Amino acid sequence: MTGEGKHPVKPANQRGAARLAAVQALYQMDIAGSGVLEVVAEYEAHRLGQEVDGETYLKADASWFRSIVAGVVRDQTKIDPMIAKALQDDWALSRIDSTVRAILRAGTFELIERKDVPIAVIVTEYVEIAQAFFPDDEPKLVNAVLDRIAKQVRAPAQK
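Everything quoted here is computed from the prediction, not taken from an experiment.

1. Digging into the nonpolar core
Soluble globular proteins tend to pack their nonpolar side chains together in the buried interior.
Right, on to step 1. If you look at the biggest cluster of nonpolar residues, it comprises 45 residues, and the most contacted ones within it are Phe-65, Ile-68, Val-69, Ile-83, Leu-104, Tyr-126 and Val-142.
Right, on to step 2. For this core, the elements supplying multiple residues, two or more each, are helix H1 (14-32), helix H2 (36-46), helix H3 (62-86), helix H4 (98-113), helix H5 (119-133) and helix H6 (137-153).
Right, on to step 3. Per-element accounting of this core gives the leading share, nine residues, to H3.
Right, on to step 4. Those residues within four positions of Val-69 in sequence are excluded, and the remaining contacts are Ala-22, Ala-25, Leu-26, Met-29, Val-36 and Val-40.

What follows is the structure in structure tokens.
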């Protein structure tokens, strides 16, 4: 899951790196059908803060990474209907690109569970992840869907 063009790597905070790794792990689980324990163990042992195939993975907050991946898997039956409801009427969640689906699941999980993190931080970080993989429409979709979900799950005063 790397883009064709080389973008300058900007320093990321460890939570941001954990979010990116969580999206990649969720994507891998979706495509390969891997289990949560297997994927989390692989990332923690061989990817987070390591060099793999010439790509250096940023040092990430491992507990944040674990909580996102495990939380999405645990709460997927609650998360997926929320995403489906926030999509345009003619779009089914199953029609969305696997990477976008992973981004939306991780972002939705954080909006629900991480009330200590401001909405703007969560939405911005996941839009930036989408921009790392897609040039145009997908980041806008991520922004719109996560914004709709944030309005459902958080009180207006928490913005």
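There is more to say, and it comes next.
2. Some details on the pattern of salt bridges
Right, on to step 1. In the structure shown here, the tally under the stated rule is seven salt bridges.
Right, on to step 2. A salt bridge links Glu-110 to Arg-19; the shortest N-O distance between them is 2.7 Å. Here Arg-19 lies in helix H1 and Glu-110 lies in helix H4, a separation of 91 residues in the sequence.
Right, on to step 3. Overall, Arg-19 belongs to the buried group, its relative accessible area being 1%.

3. Focus on the environment of Val-145
Right, on to step 1. Within the fold, Val-145 resides in helix H6.
Right, on to step 2. Sequence separation between Val-145 and Gly-107 is 38 residues; the distance between their C-alpha atoms is 9.6 Å.
Right, on to step 3. Aside from chain neighbours lying at most four places away, what touches Val-145 is Ile-83, Ala-86, Leu-87 and Leu-104.

4. Re the packing of H5 against H6
Right, on to step 1. At a minimum axis separation of 8 Å, H5 and H6 run at an interaxial angle of 155 degrees. Overall, the two elements H5 and H6 adopt an arrangement that is roughly antiparallel. Our pair here, H5 against H6, has a crossing hand that is right-handed. Contacts from Ile-119, Val-123, Tyr-126, Val-127, Ala-130 and Gln-131 in H5 reach Pro-139, Val-142, Asn-143, Leu-146 and Ala-150 in H6.

5. Considerations on H3
Right, on to step 1. The end-to-end C-alpha distance of H3, which contains 25 residues, comes to just 30 Å, noticeably less than the 36 Å that a straight helix rising 1.5 Å per residue would cover.
Right, on to step 2. Where H3 bends most, at Gln-76, the angle is about 80 degrees.
Right, on to step 3. Among the residues of H3, those classed as buried are Trp-64, Phe-65, Ile-68, Val-69, Gly-71, Val-72, Asp-75, Ile-79, Asp-80, Met-82, Ile-83 and Ala-86.

6. Topic: the packing of aromatic side chains
Right, on to step 1. Within the structure shown, the criterion is met by zero aromatic pairs.
Right, on to step 2. The ring of Trp-64 has Arg-15 lying over it, and the distance from NZ or CZ to the ring centre is 3.7 Å.
Right, on to step 3. A cation over a ring is seen here: Arg-114 above Trp-64, with NZ or CZ 3.9 Å from the ring centre.

Conventions adopted
Residues numbered from 1 in each chain as written. Predicted model: local features only at pLDDT ≥ 70, side-chain atom pairs only at ≥ 80, totals over all residues. Heavy atoms only, no water. Core = buried A, V, L, I, M, F, W, Y, C linked by side-chain atoms within 4.5 Å. Buried < 20%, exposed > 50% of the residue type's maximum accessible area, 1.4 Å probe, protein only. Helix = DSSP H or I, 4+ residues; strand = E, 2+ residues; numbered from the N terminus. Contact = heavy atoms within 4.5 Å. Salt bridge = Lys/Arg side-chain N within 4 Å of Asp/Glu carboxyl O. Axes fitted to C-alpha atoms, helices over the stretch in contact; angles between N-to-C directions. Parallel < 35°, antiparallel > 145°, perpendicular 65-115°, else oblique. Left-handed = near helix turned anticlockwise from the far one by under 90°. Expected span 1.5 Å × (residues − 1). Bend = angle between axes of the 7 residues up to and from the residue. Phe/Tyr/Trp six-rings, centres within 6.5 Å; stacked < 30°, edge-to-face > 60°. Lys NZ or Arg CZ within 6 Å of the ring centre and 35° of its normal.

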